[in-house]
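Residue-level structure breakdown
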Amino acid sequence: MNILITGAASGIGYDLARVLAYRHHQVYACCHTEASYEKRKSEETPYLHFRKLDIIKIEDLSILEEIPFDCIVNHAGIAIGGRLIDRVEEGKLEENFEVNVWATMRLIIRYIKDCQKENRSGKVLITSSLAGYFPLPYLGCYVSTKTTLTMLSQILRRECKLENLPISVKLIQPGAYHTGFNQLLLSGVEEEKMYQKGRKLFFLLEQNETHTIVNKMVKAIESSSSKFLYRAPCYQAFLTKCYQIFSKV
Ligand SMILES: NC(=O)c1ccc[n+]([C@@H]2O[C@H](COP(=O)([O-])OP(=O)(O)OC[C@H]3O[C@@H](n4cnc5c(N)ncnc54)[C@H](OP(=O)(O)O)[C@@H]3O)[C@@H](O)[C@H]2O)c1
């Protein structure tokens with residue numbers, strides 16, 4: 001398969017790209033900046049290709065016309081932490097939504113339209129987060145983007161089904177993995193007590209290896225089943241389910 005992955009210069013996206021290339025897919029691992037692209041391009045193989053793609057830059061989206069991608073993995077994201085009132089005033093809530101939601105949705109819609117124009121089927125993976133179910137104080141900007149992304153993925157999937165579009169939509173919900181992403185999120189939390197609480201929480205929850213979620217994503221890409229939701233690690237998915245059942249809003 002020809003597979004495009006956004007935000008693949010590091011973390012889960014990078015690990016996924018390497019596993020998929022090992023499995024002989026043609027993988028286009030996209031890097032946010034020229035600098036991250038330069039850093040990665042020497043690692044290219046006949047199966048693993050690097051490209052520069054900043055999802056908020058409309059001109060970068062032309063990569064979709066280069067290759068008929070069988071699957072796009074919308075993995076790029078940013079994490080802005082801190083007091084909601086302050087972050088709204090500073091325009092940071094908007095910034096977090098711009099990358100995680102609007103730019104992601106623009107890329108997806110462009111891909112679906114290209115598939116329709118060329119009369120081919122396609123697959124869309126959307127990386128949301130288990131955190132999107134928890135109203136976490138001081139992490140609200142980021143968490144709310146993921147709640148929105150989860151809802152949009154569900155709606156997009158239903159609309160594609162109702163209209164018989166040959167587009168398969170898969171929702172990926174990772175728990176906490178130690179990629180540096182959560183530390184970036186916490187770095188925005190200025191309140192010392194909350195920062196320390198967050199540090200402890202991630203210390204307890206974060207998985208050092210990404211293979212549990214990467215394996216789920218590989219399954220979502222390679223399988224032709226209609227399964228929609230892929231979560232890992234297992235115990236965090238279970239805890240989230242319990243929270244969904246027992247929490248009273
Ligand atoms: N790690 C976790 O615990 C966890 C849990 C749940 C969900 N997730 C989700 O997984 C995704 C990636 O997280 P990760 O843990 O793999 O961390 P990561 O390595 O920091 O991955 C995020 C990637 O997105 C890229 N990116 C940021 N803005 C971009 C833009 N405008 N255009 C293109 N790429 C952009 C980053 O590039 P630069 O670094 O160069 O900016 C980085 O490569 C995120 O969507 C996150 O919400 C992570």
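Look above for the structure.
First things first, this report covers the structure right here in the doc. Note that this is a predicted model, so its numbers are computed, not measured.

This next bit is on the sheet that holds strand 5 (residues 122–127). By definition, the strands of a sheet pair up through backbone hydrogen bonds, in either a parallel or an antiparallel sense. The 7 strands lie next to each other as 3-2-1-4-5-6-7, forming an open sheet whose pairing is parallel. Pairing within the sheet leaves two strands with one partner each, and these edge strands are strand 3 (48–52) and strand 7 (229–232). Taking each pair of neighbouring strands and ignoring which way they run, the sheet shows an average axis angle of 20 degrees. Looking at chain direction, strand 5 and strand 6 (residues 167–174) are connected through 6 bridges and run parallel. For T127, the partnering residue across the bridge sits in strand 6 and is I172.

Around the ligand sit 28 residues in total, of which G7, G11, A76, G77 and T179 are the nearest. A per-element tally of the shell around the ligand places helix 1 (residues 11–22) first, with 3 residues. For the shell around the ligand, the residue count by class is 12 nonpolar, 15 polar and 1 charged.

In this section: the pairing of strand 3. Taken together, the 5 bridges between strand 2 (residues 26–31) and strand 3 define a ladder with parallel strand orientation. When the bridges of strand 3 are listed, V27 appears paired with L48. The handedness of the strand 2 to strand 3 crossover, carried by helix 2 (residues 34–40), is right-handed.

The next subject is the nonpolar core. In terms of nonpolar packing, the biggest core is built from 48 residues, with I3, I5, A17, A29, V73, L125 and M217 touching the most fellow members. Per element, the largest residue contribution to this core is 7 residues, and it comes from helix 5 (residues 92–117). Those residues within four positions of I5 in sequence are excluded, and the remaining contacts are G13, L16, A17, V27, A29, C30, V73 and H75. Formed by 14 residues, the second largest nonpolar core is a distinct cluster that contains A131, V143, F181 and L186.

Orientation of helix 5 relative to helix 6 (residues 140–162), taken along the N-to-C sense of each, is 25 degrees, at an axis distance of 9 Å. Here helix 5 lies roughly parallel to helix 6, going by the angle between them. Classified by chirality, the crossing of helix 6 by helix 5 is right-handed. Touching K92, L93, N96, F97, N100, V101, T104 and M105 of helix 5 are C141, Y142, T145, T148, L149 and L152, all from helix 6. Grouping the amino acids of the contact of helix 5 with helix 6 by side-chain chemistry returns 8 nonpolar, 5 polar and 1 charged.

Each value, and the rule that gives it
- Residues numbered from 1 in each chain as written.
- Predicted model: local features only at pLDDT ≥ 70, side-chain atom pairs only at ≥ 80, totals over all residues.
- Pairing = 2+ DSSP bridges.
- Helix = DSSP H or I, 4+ residues; strand = E, 2+ residues; numbered from the N terminus.
- Axes fitted to C-alpha atoms, helices over the stretch in contact; angles between N-to-C directions.
- Near = placed C-beta within 6 Å.
- Nonpolar A, V, L, I, M, F, W, Y, C, P; charged D, E, K, R; others polar.
- Right-handed = clockwise from strand over helix to strand, strands pointing away.
- Core = buried A, V, L, I, M, F, W, Y, C linked by C-beta atoms within 7 Å.
- Buried ≥ 20, exposed ≤ 12 C-beta atoms within 10 Å, placed from the backbone.
- Contact = placed C-beta atoms within 7 Å.
- Parallel < 35°, antiparallel > 145°, perpendicular 65-115°, else oblique.
- Left-handed = near helix turned anticlockwise from the far one by under 90°.

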